[in-house]
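So the chains spell out like this:
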Amino acid sequence: MQIRSSREANRKSNREPEFQPQVMVENKTSYDGPESQLSIYDTFEQAKRVELKSDQPLFCAMLTGKKVMHTQDTSYDSDFVPHESFVLAPSQSVEIDFPVASLAAPTRCLAIEITTERISQIADNLNAQAEKHSEFGPWQYQQQLLHTHHNAQTQSLLQRMTELYIGDDPDRSYMINLAVSELTVRLLRQQSRDFMMSFCQQQPDHSGLTMVITYINKHLHECIDIDQLCRIACMCRTKFFNQFKLQFGCTPLAFQQQQRLKKAAELIKTGMQITQVSFELGFISSSHFSRIFKRFYGISPKSYQHRHKMMLN
């Protein structure tokens, strides 16, 4: 285990009267694992434009507080809050603002560094066991920034990984290895899904599966008919389910539910009332919608709405 603490960053010189000194006091605790490292960062003071860079892929998860992430070329600026993931590519640099950090309520972040070689090995295993359709390309790590929310399974995995790295289980290394593999597969699937969704938008009639995705996205508010999807895909029921789950990692019904919830979050951000969002997307009731939303995002629609309003202020 490595422990590093109390560092200062982004300090301005006192000889420059037009700038006020800015100091970030941060505690970093690191735990080594096989081909990986888990670190917990606690930031105790507000700061701006603190650089973060890693020579290996870095998976970050917010635990408490809020960060604002910026790329140096200004192509990306976004809030980073709990129940979200931020993956930094090797040698990519971001600058971070800490707008709400304090001694009483520090901003806390979890970071897991995984070697590129390990990720490539897992991608090769996926290509050997679960080859994707040719139009979607092979399983591979795309060295680009990824910012997404956690689902309940990823949140549970991160909690379990923290316990494994910190603990002294006799099988610690083996268990960490399995957990890192699972996290990497989730990362690869998320990147792959983002690519496939973009491909489906650009070429909706390319294949049976792209036409199915287009159909689902146009009918989020409806109960979808699996037989209708099979006809669109020109596949029998068994083949369709197998192919869909292989490419997207879930069933068509689960996929539609995820897309509905992502659309719901977008509508809530626009200021639409929660009851209306529920009605627009075909949920049984607003209470049912609230339960499903909280299970997916980790917070209720009302809390999500409030958090977004606070971000705008």
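Details of the structure are given in the entry above.
For clarity, every value in this text was computed on a predicted model and none was experimentally measured. (Residues numbered from 1 in each chain as written. Predicted model: local features only at pLDDT ≥ 70, side-chain atom pairs only at ≥ 80, totals over all residues. Heavy atoms only, no water.)

## Concerning the overall build of the protein chain
Phase 1: A tally of helices and strands in the protein chain yields 10 helices and 11 strands.
Phase 2: Taking all 313 residues of the protein chain together, 47% fall into the buried category.
Phase 3: Counting contacts in the protein chain only where the partners sit at least 6 residues apart, residues at least 24 apart contribute 67% of the total.
Phase 4: For the protein chain, the computed accessible surface area is about 16,400 Å², with 49% contributed by carbon and sulfur atoms. (Helix = DSSP H or I, 4+ residues; strand = E, 2+ residues; numbered from the N terminus. Buried < 20%, exposed > 50% of the residue type's maximum accessible area, 1.4 Å probe, protein only. Contact = heavy atoms within 4.5 Å. Areas by Shrake-Rupley, 256 points an atom, 1.4 Å probe, with all protein chains shown as cover.)

## Concerning helix α1 (residues 116–129)
Phase 1: With 14 residues, α1 should cover 20 Å at 1.5 Å per step; its first-to-last C-alpha distance of 20 Å lies within 8% of that length.
Phase 2: Three or more residues of α1 are buried, namely Arg118, Ile119, Ile122, Ala123 and Leu126. The arc that holds every buried residue of α1, seen down its axis, measures 135 degrees, which confines them to one face. Relative to its buried face, α1 has exposed residues pointing more than 90 degrees away, namely Glu117, Asp124 and Ala128.
Phase 3: Looking at the buried side of α1, the elements it contacts are β10 (107–114) and α3 (172–202). (Expected span 1.5 Å × (residues − 1). Arc of directions from axis to C-beta.)

## Thoughts on the state of the cysteines
Phase 1: In the structure shown here, the tally under the stated rule is zero disulfides.
Phase 2: Not part of a disulfide, Cys60 finds its nearest cysteine sulfur in Cys109, a span of 4.8 Å.
Phase 3: Note on Cys60: relative accessible area 4%, which makes it buried. (Disulfide = S-S within 2.5 Å.)

## As for the packing of aromatic side chains
Phase 1: For the coordinates displayed, the defined rule picks out 12 aromatic pairs.
Phase 2: Look at Phe240 and Phe241: their rings are 6.1 Å apart centre to centre, the planes differ by 70 degrees, and that puts the pair in the edge-to-face class.
Phase 3: The class for Phe240 is buried, based on a relative accessible area of 0%.
Phase 4: Overall, the relative accessible area of 28% leaves Phe241 in the partly exposed class.
Phase 5: Both rings, one in Phe296 and one in Tyr297, keep their centres 5.0 Å apart while their planes meet at 90 degrees; by these two values the pair is edge-to-face. Each member of the pair, Phe296 together with Tyr297, is buried.
Phase 6: Aromatic rings pair up to connect Phe283, Phe289, Phe293, Phe296, Tyr297 and Tyr304 into one cluster. (Phe/Tyr/Trp six-rings, centres within 6.5 Å; stacked < 30°, edge-to-face > 60°.)

## Looking at the pattern of salt bridges
Phase 1: According to the stated counting rule, one finds six salt bridges in the structure shown.
Phase 2: Taking the shortest distance from any N to any O, the salt bridge between Glu95 and Arg49 comes out at 3.0 Å. In this pair, Glu95 sits in strand β9 (residues 93–98) while Arg49 sits in strand β4 (residues 47–53), placing the two residues 46 residues apart along the sequence.
Phase 3: Among the salt bridges present, the one from Arg237 reaches Asp227, with a minimum N-O distance of 2.8 Å. With Arg237 in helix α6 (residues 237–248) and Asp227 in helix α5 (residues 226–233), the pair connects residues that are 10 residues apart, well separated along the chain.
Phase 4: For Asp227, a relative accessible area of 39% gives the class partly exposed. (Salt bridge = Lys/Arg side-chain N within 4 Å of Asp/Glu carboxyl O.)

## Remarks on the packing of helix α2 (residues 152–166) against α3
Phase 1: Axis separation between α2 and α3 bottoms out at 10 Å; the angle between their running directions is 155 degrees. It follows from the interaxial angle that α2 and α3 lie roughly antiparallel. As α2 packs across α3, the resulting crossing turns out to be left-handed. Contacts between α2 and α3 involve Gln153, Thr154, Leu157, Leu158, Arg160, Met161, Leu164 and Tyr165 on the former and, on the latter, Arg172, Met175, Ile176, Ala179, Val180, Glu182, Leu183 and Arg186.
Phase 2: Here the residues of the contact of α2 with α3 are counted per class, giving 10 nonpolar, two polar and four charged. (Axes fitted to C-alpha atoms, helices over the stretch in contact; angles between N-to-C directions. Parallel < 35°, antiparallel > 145°, perpendicular 65-115°, else oblique. Left-handed = near helix turned anticlockwise from the far one by under 90°. Nonpolar A, V, L, I, M, F, W, Y, C, P; charged D, E, K, R; others polar.)

## Description of α2
Phase 1: The end-to-end C-alpha separation of α2 is 22 Å, in line with the 21 Å expected for 15 residues at 1.5 Å each.
Phase 2: Burial in α2 covers these residues: Thr154, Leu157, Leu158, Met161, Thr162, Leu164 and Tyr165. Taken end-on, α2 shows its buried residues confined to a sector of 165 degrees, consistent with a single buried face. Those residues of α2 that are exposed and aimed more than 90 degrees away from the buried face are Gln159 and Glu163.
Phase 3: Against the buried residues of α2 lie β2 (26–33), β3 (36–43), β5 (58–64), β10 and α3.

## Description of the nonpolar core
Phase 1: Phe240, Phe244, Phe289 and Phe293 are the most contacted members of the largest nonpolar core, which totals 37 residues.
Phase 2: Examining the composition of this core, we find that six residues originate from one element, helix α7 (residues 252–269), more than from any other.
Phase 3: Residues contacting Phe244, with those up to four places away along its chain left out, are Leu209, Val212, Ile213, Ile216, Gly249, Cys250, Thr251, Pro252 and Phe255. (Core = buried A, V, L, I, M, F, W, Y, C linked by side-chain atoms within 4.5 Å.)

## So, the sheet that holds strand β6 (residues 67–71)
Phase 1: In spatial order, the strands read β4-β9-β6-β7; together these four strands make up an open sheet with antiparallel pairing. Looking at the sheet topology across the chains shown, the edges are occupied by β4 and β7 (77–80). Between one strand axis and the next, the sheet turns through 30 degrees on average, direction left out of account.
Phase 2: As paired strands, β6 and β7 are joined by four bridges and run antiparallel to one another. Along β7, the bridge assignment pairs Lys67 with Phe80. (Pairing = 2+ DSSP bridges.)

Everything listed is a geometric property; what it means functionally is a separate question.
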